[in-house]
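Chain and residue survey
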Amino acid sequence: MIYIERVTTMGGVPKQRHTKSRRNKRRMHIFARAPILVRCPKCGKPVLPHTVCSNCGYYKGREVIDVLAKLTKKERKKREKEMKAKGKEEAETKKEKPLTWEELSKK
Ligand SMILES: [Zn+2]
């Protein structure tokens, strides 16, 4: 009697086709990059472009989300202080810049 043994080929042969989605998901780590961030013009925190700032709730120069609404009283006071301090810093830098330019032009 002759038994025909099952020939095992070298290497794995795929039994079923994998979808494009599955293939792309497997390769995702190759293309994954750190998200591009932009500084929020209001508070200066890094934010995703074309999105509302989660820190101050501003987008395109106007308030879209009331960030302080969900916070407790203590947290709210802290936030307001921080925002005021940053606003002052911005005002100071704005005042300083034109002066330096004038000085430079005089010199
Ligand atoms: Zn902001």
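Quick caveat, the model's predicted, so the values are computed rather than measured.

Moving on, we come to the overall build of the chain. A count of helices and strands for the chain gives 3 helices and 4 strands. From first element to last, N terminus to C terminus, the chain shows the α and β order α-α-β-β-β-β-α. For the chain, the proportion of its 107 residues judged to be buried stands at 4%. Taking as baseline every contact in the chain between residues at least 6 positions apart, the subset at least 24 positions apart corresponds to 10%.

All right, on to unusual backbone geometry then. The backbone phi angle of His-50 is positive, close to 60°, even though this residue is not glycine. Mapped onto the secondary structure, His-50 falls in the loop between strand E2 (46-47) and strand E3 (58-59). Positive phi outside glycine occurs at Lys-60, with the angle close to 55°. Tracing the backbone shows Lys-60 in the loop between E3 and strand E4 (62-63).

A word on the confidence of the model for the chain. The predicted structure's coordinates, where accompanied by low pLDDT, should not be read in detail. Per-residue pLDDT for the chain averages 77, and the proportion of residues at 70 or more is 71%. Within the chain, helix H1 (residues 20-26) carries the highest mean pLDDT (94), whereas helix H3 (residues 73-106) carries the lowest (64).

Our focus in this paragraph is the environment of Cys-56. With respect to the helices and strands, Cys-56 occurs in the loop between E2 and E3. Residue classification places Cys-56 among the buried positions, given that 23 C-beta atoms sit within 10 Å. With 14 residues separating them along the chain, Cys-56 and Lys-42 place their C-alpha atoms 7.4 Å apart. Sequence-distant contacts of Cys-56, that is, excluding residues within four places in its chain, are made with Cys-40, Lys-42, Cys-43, Val-67 and Met-83.

Reading the values: rules and limits
Residues numbered from 1 in each chain as written. Predicted model: local features only at pLDDT ≥ 70, side-chain atom pairs only at ≥ 80, totals over all residues. Helix = DSSP H or I, 4+ residues; strand = E, 2+ residues; numbered from the N terminus. Buried ≥ 20, exposed ≤ 12 C-beta atoms within 10 Å, placed from the backbone. Contact = placed C-beta atoms within 7 Å. pLDDT = per-residue confidence, 0-100.

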